[in-house]
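Report on the structure
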Amino acid sequence: MSSIGTGYDLSVTTFSPDGRVFQIEYASKAVDNSGTVIGIKCKDGIVMAVAGLAADGRQIVARAKSEATSYQSVYGEPIPVKELAERLASYVHLCTLYWWLRPFGCGVILGGYDRDGPQLYMVEPSGISYRYFGAAVGKGKQAAKTEIEKLKLSEMTCREGVIEVAKIIYKLHDEAKDKAFELEMSWVCDESKQQHQKVPDDLLEEAKAAARIALEEMDAD
Amino acid sequence: MKTNKNQMDLEMNLNAPHSMGTTIIGVTYNGGVVLGADSRTSTGMYVANRASDKITQLTDNVYVCRSGSINLSFASTHLTLLFYLGFLAADSQIVSDYVRYFLHQHTIQLGQSATSKVAANLIRLLSYNNKMLETGLIVGGWDKYEGGKIYAIPLGGTLIEQPFAIGGSGSSYLYGFFDQAWKEGMTKDEAEQLVVKAVSLAIARDGASGGVVRTVIINSEGVTRNFYPGDKLQLWHEELEPQNSLLDLLNSSNPEPMNI
């Protein structure tokens, strides 16, 4: 559904005749052109990240940290993931309301572990935010979502999830079209004591190896 | 004014600060909390209200016991001015009204009941950052994450979570009592009896506490309010039996003076 909104796409404060705000759609394109990022919610935690314009991403992360600290200062407890997602979504949406601000060119996959368990949210440049079992942004997001839908997430632990996510990323990477890539993963789960950390190196290597093997098996067919 | 030392001093200072010279208590038990308070509000020696309710609701599952004075000087805080222009209100009422309002919004945003820790923290922020306010508060509530919790927020605005807390002028007489009588893991009835006994003991000794004993029990099932009339409480050492009112003379069939 790609069309050029001639004349109606110059400002984020303009609607097109068919009710679209083209600037927001263009912002989403900035995200789509970046590397794929996946997040999945497993039984015991979240495995995720940010895709899009890195500078924009950093701004959002800074805002998220600030919201979380301020919530903790006022309410005396860590911010629930739902609340943080809503605040980030409001902030991203705010930047779609005024002509002197441009929309954020990044999609955020937010994973957290609060007293209601692990939760996964995704915030898009339009300011929409939903809770997900599995989410993907970036170049290969359609294919990634198809792959994620095949997984049985409610029965998977994070350890298994790490391997599955690696397999999906490797599968999506097109040798011919895309440049060489680096796989980075982080998680928040029981094993990491509900703290966010990079997936431990040994597990990461195990995941990469499993992914390469799976790819070879597929190619061999 | 010179008075003969054999005469009673009947001079009443009605401009003395209203004090909820008070006894307030909060106690956790196995499954929830019990809050208790007396019901006397005094202006100097005069009891302005003998049936006050010092246990105030903040949310469905969190209540607060209030103590402290009613400030006569409007200049003491702009908060008083904003909300209570024209009439007196206790600092503790103002604080609890603000916190009830914040908690209501918080509940809407969160999509579920607020926790007792959040309620206590909001009270603490107001109390600590506005040191001119005179409030001694005990927050007690039940939530599904932590169960029953008691938080004490005395003058100055410290916040401290405790298995039980006592406050108000009458509490001075209860420290030793609780050292001896408190135990971990009481049942609901044991806890309530402890609270009623404690308030009753404080009323016996503290002139600024009196009236009735009110209790509020909060647990997973909900909230229960109880009322114990002052004259039905157990009499302690040297306490006199309650007297009938002299007004009964007017209604009796053959009124004989001084024969009640």
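As the structure is a computational prediction, the values presented were derived from the model and not from experiment.

Cut-offs used in this document
- Residues numbered from 1 in each chain as written.
- Chains lettered and ligands numbered in written order.
- Predicted model: local features only at pLDDT ≥ 70, side-chain atom pairs only at ≥ 80, totals over all residues.
- Heavy atoms only, no water.
- Helix = DSSP H or I, 4+ residues; strand = E, 2+ residues; numbered from the N terminus.
- Buried < 20%, exposed > 50% of the residue type's maximum accessible area, 1.4 Å probe, protein only.
- Areas by Shrake-Rupley, 256 points an atom, 1.4 Å probe, with all protein chains shown as cover.
- Pairing = 2+ DSSP bridges.
- Axes fitted to C-alpha atoms, helices over the stretch in contact; angles between N-to-C directions.
- Contact = heavy atoms within 4.5 Å.
- Polar contact = N/O pair within 3.5 Å; in protein donor to acceptor, adjacent residues only side chain to side chain.
- UniProt positions renumbered as here; feature names shortened; annotations may be inferred.
- Buried area = accessible area lost by both parts, 1.4 Å probe.
- Salt bridge = Lys/Arg side-chain N within 4 Å of Asp/Glu carboxyl O.
- Nonpolar A, V, L, I, M, F, W, Y, C, P; charged D, E, K, R; others polar.
- pLDDT = per-residue confidence, 0-100.
- Core = buried A, V, L, I, M, F, W, Y, C linked by side-chain atoms within 4.5 Å.
- Phe/Tyr/Trp six-rings, centres within 6.5 Å; stacked < 30°, edge-to-face > 60°.
- Lys NZ or Arg CZ within 6 Å of the ring centre and 35° of its normal.

Each helix and strand counted, chain A has 6 helices and 9 strands in total. Burial analysis of chain A (221 residues in total) assigns 45% to the buried set. Element-wise, carbon and sulfur atoms account for 54% of the exposed surface of chain A, whose accessible area totals about 12,000 Å².

What follows is about the sheet that holds strand E2 (residues 24–29) of chain B. All names here are of chain B. Pairing is antiparallel across the open sheet formed by 5 strands, whose spatial order is E11-E2-E3-E12-E13. Looking at strand neighbours, the two that pair on one side only are strand E11 (164–167) and strand E13 (222–228), the edges of this open sheet. Strand-to-strand twist in this sheet, taken as the mean axis angle between neighbours without regard to direction, amounts to 15 degrees. Direction of pairing for strand E12 (residues 213–219) relative to E13: antiparallel, over a ladder of 7 bridges. What sits directly across from threonine 215, in E13, is asparagine 226. Running over the sheet, helix H5 (residues 188–205) touches E2, strand E3 (32–37), E12 and E13 and is turned about 155 degrees from E12.

Quick look at the environment of serine 69 of chain B now. Residue and element names in this part refer to chain B. Mapping serine 69 onto the fold places it in strand E7 (residues 62–69). For the pair serine 69 and serine 127, spaced 58 residues apart in sequence, the C-alpha separation works out to 14 Å. Side chain to side chain, serine 69 and glutamate 134 meet in a polar contact 3.1 Å long.

As annotated in UniProt, the feature "domain: Proteasome alpha-type subunits" (unreviewed entry) corresponds to residues 8–30 of chain A in the numbering used here. In the segment residues 8–30 of chain A, helix accounts for 39% and strand for 0%; the C-alpha atoms at its two ends are 19 Å apart.

Our focus in this paragraph is the pairing of strand E4 (residues 106–114) of chain A. Residue and element names in this part refer to chain A. Among the 9 residues that make up E4, 8 are buried, leaving the element largely enclosed by the rest of the structure. Summarising the sheet, E4 and strand E5 (residues 117–123) pair through 7 bridges and their orientation is antiparallel. Paired with glycine 111 across the strands is leucine 120, a residue of E5. From the end of E4 to the start of E5, which pair antiparallel, there are 2 residues.

Taken together, the contacts link 12 residues of chain B with 13 residues of chain A. Of the roughly 1,100 Å² buried where chain B meets chain A, counting both sides, 46% is carbon and sulfur surface. Broken down residue by residue, the surface that chain B buries against chain A is led by Gln109, Leu110 and Tyr145 of chain B, which jointly contribute 42%. If you look at where chain B meets chain A, you find 0 salt bridges. Between the two partners, chain B and chain A, sit 5 residue pairs in polar contact (both at pLDDT 80 or more). When residues of the side of chain B that touches chain A are traced back to their parent elements, those giving at least two are helix H2 (91–110) and helix H3 (116–129) of chain B. Tallied by class, the residues present in the side of chain B that touches chain A amount to 5 nonpolar, 6 polar and 1 charged.

Time to look at the confidence of the model for chain B. Low-confidence regions, as indicated by low pLDDT, have predicted coordinates that should not be scrutinised in detail. Residue and element names in this part refer to chain B. Averaged over all residues, the pLDDT of chain B is 87; the fraction at 70 or higher stands at 82%. Mean pLDDT values over the elements of chain B span from 49, in helix H1 (residues 78–84), up to 98, in E3. Confidence drops under pLDDT 50 across residues 73–77; counting only partners more than four residues distant or on other chains, this segment forms 10 contacts. Note on residues 79–83: pLDDT under 50 across the span, and 10 contacts to partners over four residues away in sequence or across chains. Across the whole predicted complex the pTM is 0.80, and at the interface the ipTM reaches 0.75.

Any two side chains of opposite charge can pair if their charged atoms end up close together. If you walk through the whole model with that rule in mind, you get 19 salt bridges over all chains. Arginine 115 of chain A serves as the salt-bridge partner of glutamate 77 of chain A, at 2.9 Å between the closest nitrogen and oxygen. You can see glutamate 77 of chain A sitting in the loop between helix H2 (54–75) and helix H3 (81–94) and its partner arginine 115 of chain A sitting in the loop between E4 and E5, a full 38 residues away along the chain. On the accessibility criterion, glutamate 77 of chain A (4% relative accessible area) is buried. You can call arginine 115 of chain A partly exposed: its relative accessible area is 36%. A salt bridge links lysine 54 of chain B to aspartate 38 of chain B, with the nearest nitrogen and oxygen atoms 2.9 Å apart. Of this pair, lysine 54 of chain B sits in the loop between strand E5 (46–49) and strand E6 (55–59) while aspartate 38 of chain B sits in the loop between E3 and strand E4 (41–43), placing them 16 residues apart in sequence. Taken together, the shared-partner salt bridges in this structure form one network comprising Arg63, Glu67, Glu83 and Arg87 of chain A.

In this structure, Leu58, Val99, Leu103, Ile123 and Val139 of chain B are the most contacted members of the largest nonpolar core, which totals 41 residues. It is H3 of chain A that provides the largest number of residues to this core, a total of 7 residues. Formed by 26 residues, the second largest nonpolar core is a distinct cluster that contains Leu151, Ile168, Trp187 and Leu204 of chain A.

Before going further, it helps to examine the pairing of strand E8 (residues 135–143) of chain B. Residues and elements named next belong to chain B. Most of E8 sits inside the fold, with 8 of its 9 residues counted as buried. Where E7 meets E8, 7 bridges bridge the pair, whose relative direction is antiparallel. Within E8, the residue paired with glycine 68 across the bridge is threonine 135. Looking at chain direction, E8 and strand E9 (residues 147–153) are connected through 7 bridges and run antiparallel. Counted as the bridge partner of isoleucine 138 is alanine 152 from E9.

So, about the packing of aromatic side chains. The way to describe two aromatic rings as a pair is by their centre distance and the angle between their planes. All told, the structure shown has 11 aromatic pairs over all chains when counted by the stated rule. Look at phenylalanine 22 of chain A and tyrosine 26 of chain A: their rings are 6.2 Å apart centre to centre, the planes differ by 40 degrees, and that puts the pair in the tilted class. In this pair, phenylalanine 22 of chain A and tyrosine 26 of chain A both sit in helix H1 (residues 22–32), 4 residues apart, roughly one turn of the helix. In this structure phenylalanine 22 of chain A comes out as buried when scored by relative accessible area, which is 4%. A ring pair is formed by phenylalanine 164 of chain B and tryptophan 182 of chain B, whose centres lie 4.9 Å apart and whose planes are at 40 degrees; its orientation type is tilted. You can see phenylalanine 164 of chain B sitting in strand E11 and its partner tryptophan 182 of chain B sitting in the loop between helix H4 (175–181) and H5, a full 18 residues away along the chain. In this structure, phenylalanine 164 of chain B and tryptophan 182 of chain B share a single accessibility class: buried. Taken together through their ring pairs, the aromatic side chains of Phe164, Phe177, Phe178 and Trp182 of chain B make up a single cluster. Directly above the ring of tyrosine 128 of chain B sits lysine 131 of chain B, whose terminal nitrogen or CZ lies 3.5 Å from the centroid.

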